Amino acid sequence: MANQRHKLWYSIISYIPNLITYERVNVGIILGNPETNEISYSFLSEKSKKFRYFFWNSIERKIYKNSVEYLEFLLNKIQAQPSIFQVGHYEAEGNWNDFLGGKISENIIFSKIHFAITDNDANIFNNLISTYIGEKFFPKQDNNIITLKKHVFEIFESNKLINTKLKSNLKIKPAAE
(Lines give C-alpha, C1' and ligand atoms only; values in the text may rest on other atoms or scores of the structure.)
Protein backbone atom coordinates (compact mmCIF):
# COMPACT_ATOMS: atom_id res chain seq x y z
CA MET A 1 0.00 0.00 0.00
CA ALA A 2 1.41 3.40 -0.97
CA ASN A 3 1.93 6.07 1.65
CA GLN A 4 -0.70 8.76 1.80
CA ARG A 5 0.41 12.23 0.82
CA HIS A 6 -0.04 14.87 3.46
CA LYS A 7 0.41 18.60 3.82
CA LEU A 8 3.54 20.14 5.38
CA TRP A 9 4.48 23.74 6.04
CA TYR A 10 7.98 25.17 6.00
CA SER A 11 9.83 28.40 6.54
CA ILE A 12 13.33 29.43 5.54
CA ILE A 13 15.34 31.15 8.26
CA SER A 14 17.76 33.91 7.35
CA TYR A 15 20.30 35.69 9.50
CA ILE A 16 21.37 39.35 9.39
CA PRO A 17 24.62 40.02 11.29
CA ASN A 18 24.46 43.80 10.82
CA LEU A 19 21.03 45.47 10.86
CA ILE A 20 22.45 48.59 9.21
CA THR A 21 23.79 46.89 6.07
CA TYR A 22 20.92 44.34 6.16
CA GLU A 23 22.94 41.68 4.33
CA ARG A 24 21.33 38.33 4.94
CA VAL A 25 22.05 34.67 4.39
CA ASN A 26 19.81 31.61 4.63
CA VAL A 27 20.88 29.59 7.68
CA GLY A 28 18.10 27.13 8.43
CA ILE A 29 14.82 25.41 7.67
CA ILE A 30 11.80 24.66 9.86
CA LEU A 31 9.43 22.00 8.57
CA GLY A 32 6.14 21.22 10.30
CA ASN A 33 3.39 18.66 9.98
CA PRO A 34 0.02 20.25 10.90
CA GLU A 35 -1.62 16.85 11.44
CA THR A 36 0.82 15.64 14.09
CA ASN A 37 2.16 19.05 15.26
CA GLU A 38 5.69 17.69 14.81
CA ILE A 39 8.45 19.98 13.64
CA SER A 40 11.89 19.34 12.15
CA TYR A 41 14.59 21.94 11.84
CA SER A 42 18.21 22.35 10.94
CA PHE A 43 20.59 25.31 11.22
CA LEU A 44 24.09 25.95 9.96
CA SER A 45 26.89 25.78 12.50
CA GLU A 46 28.71 29.03 13.21
CA LYS A 47 31.83 27.31 11.86
CA SER A 48 30.26 26.66 8.45
CA LYS A 49 32.24 27.64 5.37
CA LYS A 50 29.25 29.69 4.26
CA PHE A 51 30.14 32.25 6.94
CA ARG A 52 33.83 32.53 6.04
CA TYR A 53 33.51 36.13 4.80
CA PHE A 54 30.07 36.91 6.18
CA PHE A 55 31.00 37.74 9.77
CA TRP A 56 33.33 40.69 10.28
CA ASN A 57 34.62 39.57 13.66
CA SER A 58 34.33 36.90 16.33
CA ILE A 59 31.66 38.87 18.21
CA GLU A 60 29.26 38.65 15.25
CA ARG A 61 29.98 34.91 15.08
CA LYS A 62 29.20 34.49 18.82
CA ILE A 63 25.99 36.51 18.48
CA TYR A 64 24.90 34.20 15.67
CA LYS A 65 25.75 31.12 17.73
CA ASN A 66 23.79 32.40 20.75
CA SER A 67 20.81 33.45 18.61
CA VAL A 68 20.56 30.03 16.98
CA GLU A 69 21.02 28.21 20.30
CA TYR A 70 18.18 30.25 21.80
CA LEU A 71 15.96 29.52 18.79
CA GLU A 72 16.75 25.80 19.14
CA PHE A 73 15.87 26.05 22.84
CA LEU A 74 12.46 27.52 21.95
CA LEU A 75 11.86 24.86 19.30
CA ASN A 76 12.79 22.08 21.74
CA LYS A 77 10.44 23.61 24.31
CA ILE A 78 7.64 23.54 21.73
CA GLN A 79 8.31 19.89 20.96
CA ALA A 80 8.10 19.08 24.68
CA GLN A 81 4.85 21.07 25.07
CA PRO A 82 3.02 20.85 21.74
CA SER A 83 -0.01 22.72 23.08
CA ILE A 84 2.00 25.95 22.84
CA PHE A 85 2.55 25.48 19.13
CA GLN A 86 -0.73 25.79 17.26
CA VAL A 87 0.17 25.28 13.61
CA GLY A 88 -3.44 25.75 12.56
CA HIS A 89 -3.28 29.43 13.51
CA TYR A 90 -0.44 30.10 11.08
CA GLU A 91 -0.81 32.74 8.46
CA ALA A 92 1.81 33.89 6.00
CA GLU A 93 2.60 36.98 8.09
CA GLY A 94 2.30 35.32 11.52
CA ASN A 95 4.25 36.58 14.53
CA TRP A 96 6.93 34.01 15.32
CA ASN A 97 7.55 35.49 18.78
CA ASP A 98 3.98 34.58 19.73
CA PHE A 99 4.15 31.13 18.15
CA LEU A 100 7.46 30.22 19.76
CA GLY A 101 6.63 31.70 23.15
CA GLY A 102 9.76 33.85 23.43
CA LYS A 103 11.47 36.94 22.05
CA ILE A 104 13.56 35.97 19.04
CA SER A 105 16.63 37.99 18.10
CA GLU A 106 15.86 40.63 15.50
CA ASN A 107 18.80 39.30 13.49
CA ILE A 108 16.79 36.15 12.69
CA ILE A 109 14.23 36.50 9.91
CA PHE A 110 11.61 33.91 8.98
CA SER A 111 10.23 33.67 5.46
CA LYS A 112 6.51 33.48 4.83
CA ILE A 113 5.00 30.09 5.53
CA HIS A 114 5.02 27.87 2.45
CA PHE A 115 3.18 24.60 1.98
CA ALA A 116 4.08 21.32 0.31
CA ILE A 117 2.31 18.02 -0.19
CA THR A 118 4.38 14.86 0.12
CA ASP A 119 4.52 11.25 1.23
CA ASN A 120 8.20 11.52 2.24
CA ASP A 121 9.01 14.20 4.85
CA ALA A 122 12.75 13.50 4.84
CA ASN A 123 12.96 13.94 1.08
CA ILE A 124 11.25 17.35 1.26
CA PHE A 125 13.47 18.40 4.19
CA ASN A 126 16.69 17.43 2.37
CA ASN A 127 15.48 19.08 -0.84
CA LEU A 128 14.72 22.34 1.01
CA ILE A 129 18.18 22.33 2.60
CA SER A 130 19.78 21.69 -0.78
CA THR A 131 17.75 24.41 -2.51
CA TYR A 132 17.77 27.23 0.03
CA ILE A 133 20.94 26.70 2.06
CA GLY A 134 23.20 24.33 0.15
CA GLU A 135 23.84 20.78 1.31
CA LYS A 136 27.59 21.29 0.89
CA PHE A 137 27.55 23.57 3.96
CA PHE A 138 26.15 20.87 6.24
CA PRO A 139 28.42 18.14 7.58
CA LYS A 140 28.17 14.87 5.72
CA GLN A 141 26.03 12.30 7.51
CA ASP A 142 27.26 9.21 5.72
CA ASN A 143 30.57 7.59 6.56
CA ASN A 144 31.31 6.23 3.09
CA ILE A 145 34.54 8.21 2.91
CA ILE A 146 37.47 5.86 2.47
CA THR A 147 41.14 6.69 2.62
CA LEU A 148 43.64 5.58 0.03
CA LYS A 149 45.28 3.23 2.51
CA LYS A 150 41.97 1.54 3.38
CA HIS A 151 41.01 1.25 -0.27
CA VAL A 152 44.29 -0.38 -1.25
CA PHE A 153 44.12 -2.68 1.79
CA GLU A 154 40.59 -3.77 0.81
CA ILE A 155 41.71 -4.56 -2.75
CA PHE A 156 44.67 -6.61 -1.55
CA GLU A 157 42.58 -8.30 1.14
CA SER A 158 39.84 -9.25 -1.33
CA ASN A 159 42.44 -10.75 -3.71
CA LYS A 160 44.18 -12.51 -0.81
CA LEU A 161 47.54 -10.92 -1.63
CA ILE A 162 48.50 -9.80 1.88
CA ASN A 163 51.00 -12.08 3.65
CA THR A 164 51.37 -14.16 0.49
CA LYS A 165 52.97 -11.79 -1.99
CA LEU A 166 53.23 -8.50 -0.07
CA LYS A 167 54.23 -7.33 3.36
CA SER A 168 51.33 -6.38 5.61
CA ASN A 169 52.64 -3.03 6.93
CA LEU A 170 53.50 -1.51 3.58
CA LYS A 171 53.54 2.31 3.57
CA ILE A 172 51.53 3.78 0.71
CA LYS A 173 51.80 7.37 -0.50
CA PRO A 174 50.08 9.00 -3.48
CA ALA A 175 52.41 10.03 -6.31
CA ALA A 176 53.12 13.73 -6.70
CA GLU A 177 52.11 13.64 -10.36
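A quick note: this is a predicted structure, and the numbers were derived from the prediction, not measured.

The subject of this paragraph is the overall build of the chain. Scanning the chain from terminus to terminus reveals four helices and five strands. Counting from the amino terminus, the chain carries its helices and strands in the arrangement β-β-β-α-α-β-β-α-α. Each of the 177 residues in the chain was classed as buried or not, and the buried ones make up 33%. Taking as baseline every contact in the chain between residues at least 6 positions apart, the subset at least 24 positions apart corresponds to 61%. Accessible surface computed for the chain: about 12,500 Å², of which carbon and sulfur atoms make up 51%.

What follows deals with the environment of Ser42. Tracing the chain through its elements places Ser42 in strand 3 (residues 38-43). When the C-alpha atoms of Ser42 and Ile13 are compared, they prove to be 9.6 Å apart, with 29 residues separating the residues in sequence. Excluding residues within four positions of it along the chain, Ser42 makes contact with Val27, Gly28, Ile29, Phe125, Ile129 and Phe138.

Once that is clear, we can look at the side chain of Thr118. Locating Thr118 in the fold gives a position in strand 5 (residues 114-118). Judged by its relative accessible area of 8%, Thr118 falls in the buried class. Separated by 2.9 Å, the side chain of Thr118 and the backbone nitrogen of Asn120 make a polar contact. Look past the residues within four positions of Thr118 in its chain and what remains in contact with it is Gln4, Arg5, His6, Leu8 and Ile124.

Further remarks concern the nonpolar core. In this structure, Phe51, Tyr64, Trp96, Leu100 and Phe110 are the most contacted members of the largest nonpolar core, which totals 36 residues. Contributing elements (two or more residues each) for this core: strand 1 (6-15), strand 2 (25-33), strand 3, helix 1 (58-80), helix 2 (96-100), strand 4 (108-110) and helix 3 (121-133).

The subject of this paragraph is helix 1. Helix length check: helix 1, at 23 residues, gives a terminal C-alpha distance of 33 Å against a target of 33 Å (1.5 Å per residue), a fit within 8%. Those residues of helix 1 not exposed but buried are Glu60, Tyr64, Ser67, Val68, Leu71, Leu74, Leu75 and Ile78. On its buried face, helix 1 sits against strand 1, strand 2, strand 3, helix 2 and strand 4.

This part is about the confidence of the model for the chain. Mean pLDDT for the chain: 79, with 77% of residues reaching 70 or above. A low-confidence stretch, residues 141-145 (pLDDT under 50), is modelled with zero contacts involving residues beyond four sequence positions or located in other chains.

A large share of strand 2 lies buried, amounting to eight of its nine residues. With seven bridges connecting them, strand 1 and strand 2 associate as antiparallel partners. Of the residues in strand 2, the one forming a bridge with Ile12 is Ile29. Relative to strand 3, strand 2 runs antiparallel, the two sharing six bridges. Within the sheet, the bridge partner assigned to Gly32 lies in strand 3 and is Ile39.

The rules behind each value
- Residues numbered from 1 in each chain as written.
- Predicted model: local features only at pLDDT ≥ 70, side-chain atom pairs only at ≥ 80, totals over all residues.
- Heavy atoms only, no water.
- Helix = DSSP H or I, 4+ residues; strand = E, 2+ residues; numbered from the N terminus.
- Buried < 20%, exposed > 50% of the residue type's maximum accessible area, 1.4 Å probe, protein only.
- Contact = heavy atoms within 4.5 Å.
- Areas by Shrake-Rupley, 256 points an atom, 1.4 Å probe, with all protein chains shown as cover.
- Polar contact = N/O pair within 3.5 Å; in protein donor to acceptor, adjacent residues only side chain to side chain.
- Core = buried A, V, L, I, M, F, W, Y, C linked by side-chain atoms within 4.5 Å.
- Expected span 1.5 Å × (residues − 1).
- pLDDT = per-residue confidence, 0-100.
- Pairing = 2+ DSSP bridges.

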